[in-house]
Amino acid sequence: MLKKRVEKALNTQANAELWSAHLYLSMSLQFSSEGLNGFAAWMRGQYSEEVQHAFKIMRFMVERGAKPTLSEIKDIPVDFGSPVEVFEFALEHETKVTDNIDKLVDLIREENDKATEYALQWFVTEQVEEESTLVGIIEKLKRIGDGAGLYLLDKELAARQ
Ligand code: FEO
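Summarised in this report is the structure supplied together with it. Since this is a predicted model, take the numbers as computed values, not measurements.

Parameters at a glance
- Residues numbered from 1 in each chain as written.
- Predicted model: local features only at pLDDT ≥ 70, side-chain atom pairs only at ≥ 80, totals over all residues.
- Heavy atoms only, no water.
- Helix = DSSP H or I, 4+ residues; strand = E, 2+ residues; numbered from the N terminus.
- Phe/Tyr/Trp six-rings, centres within 6.5 Å; stacked < 30°, edge-to-face > 60°.
- Buried < 20%, exposed > 50% of the residue type's maximum accessible area, 1.4 Å probe, protein only.
- Salt bridge = Lys/Arg side-chain N within 4 Å of Asp/Glu carboxyl O.
- Expected span 1.5 Å × (residues − 1).
- Bend = angle between axes of the 7 residues up to and from the residue.
- Contact = heavy atoms within 4.5 Å.
- Core = buried A, V, L, I, M, F, W, Y, C linked by side-chain atoms within 4.5 Å.

1. Some words on the environment of E72
Piece 1. Position of E72 among the secondary structure elements: in the loop between α2 (37–63) and α3 (83–110).
Piece 2. Measuring from C-alpha to C-alpha, the distance between E72 and L18 comes to 9.8 Å, with 54 residues separating the pair along the chain.

2. Focus: the packing of aromatic side chains
What describes a pair of aromatic rings is the distance from one ring centre to the other and the angle between the planes of the rings.
Piece 1. The tally for this structure, following the rule as stated, stands at six aromatic pairs.
Piece 2. Ring geometry for W42 versus F87: centroids 5.5 Å apart, planes at 55 degrees, classification tilted. Taken together, the residues span a long stretch of sequence, with W42 in helix α2 and F87 in helix α3 at a distance of 45 residues.
Piece 3. Overall, the relative accessible area of 6% leaves W42 in the buried class.
Piece 4. A relative accessible area of 0% places F87 in the buried class.

3. Points about the pattern of salt bridges
Piece 1. Here the structure, examined in full by the defined rule, presents nine salt bridges.
Piece 2. Across the pair R109 and E117 runs a salt bridge whose closest N-O atoms are separated by 2.9 Å.
Piece 3. The partly exposed category is assigned to R109, whose relative accessible area is 48%.
Piece 4. The partner of E156 in a salt bridge is K140, with the nearest N and O atoms 2.6 Å apart.

4. With respect to unusual backbone geometry
Piece 1. The backbone phi angle of D75 is positive, close to 55 degrees, even though this residue is not glycine.
Piece 2. Considering the arrangement of structural elements, one finds D75 in the loop between α2 and α3.
Piece 3. The exposure class assigned to D75 is exposed, which follows from its relative accessible area of 70%.
Piece 4. Of note in this structure, N112 is not a glycine but carries a positive phi near 55 degrees.
Piece 5. Mapping N112 onto the fold places it in the loop between α3 and α4 (114–144).
Piece 6. Here N112 falls in the exposed class, since its relative accessible area comes to 53%.

5. Here's the deal with α4
Piece 1. Its 31 residues place the ends of α4 46 Å apart at the C-alpha level, agreeing with the 45 Å of an ideal helix rising 1.5 Å per residue.
Piece 2. Of all the bends in α4, the greatest, near 25 degrees, is centred on L120.
Piece 3. Residues of α4 that are buried: T116, E117, L120, F123, E126, Q127, E130, L134, I137, I138 and L141.
Piece 4. Its buried side turned inward, α4 meets α1 (4–33), α2, α3 and α5 (148–158).
Piece 5. Just past α4, the residue G145 takes up positive phi, approximately 70 degrees.

6. Some words on the environment of L25
Piece 1. When you line up the elements, L25 lands in helix α1.
Piece 2. Sequence separation between L25 and E88 is 63 residues, and the spatial gap between their C-alpha atoms is 16 Å.

7. Remarks on the side chain of E50
Piece 1. Secondary-structure assignment places E50 in helix α2.
Piece 2. If we ignore the near neighbours within four places in the chain, the residues touching E50 are E17, S20, A21, Y24, E94 and E130.

8. Describing the nonpolar core
Piece 1. One finds M27, F31, F39, M43 and F87 to be the most contacted residues of the largest nonpolar core, which totals 21 residues.
Piece 2. Every element with two or more residues in this core is listed here: α1, α2, α3, α4 and α5.
Piece 3. With residues near it in sequence (within four places) discarded, F31 still touches L36, F39, A40, M43, P83, V86 and F87.
Piece 4. In this structure, L18, M58, F60 and A66 belong to the second largest nonpolar core, which totals 20 residues.

Functional significance is not addressed by these values, which are geometric in nature.
Rendered as structure tokens:
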């Protein structure tokens, strides 16, 4: 069984993952409306990953005898600016997510819940990858500017599995 404090914190994080999913869906819609279909597809991939993150936490909660509950998803931004600004927004967001995951691990350590701490290690590692991928795309966007390079990067990002 999960302690109530841990259950509440995990539920908050699961809902935050769903909020992230909608953030990326919103970014995908912006790219679609601008004809940048590769960028849009990449952001849809990000959307799916975030939904999986939420499921991962919720499945774990159920395994430990808790019942996850969904919160309302509010205040999703809709206009992010240029492609580089979209990805900078995403990076800033993921930096906050990393901070939240770190705080969650601290809370779980305080509660001495080893199984949950172990499960959360996956998220700690995932955040390293998330931030690094976004930094890589931002660097490319800054190097190529708005010309033909943007078209090539759009093609590259379309290939995301
Ligand atoms: Fe679920 Fe982007 O971290």
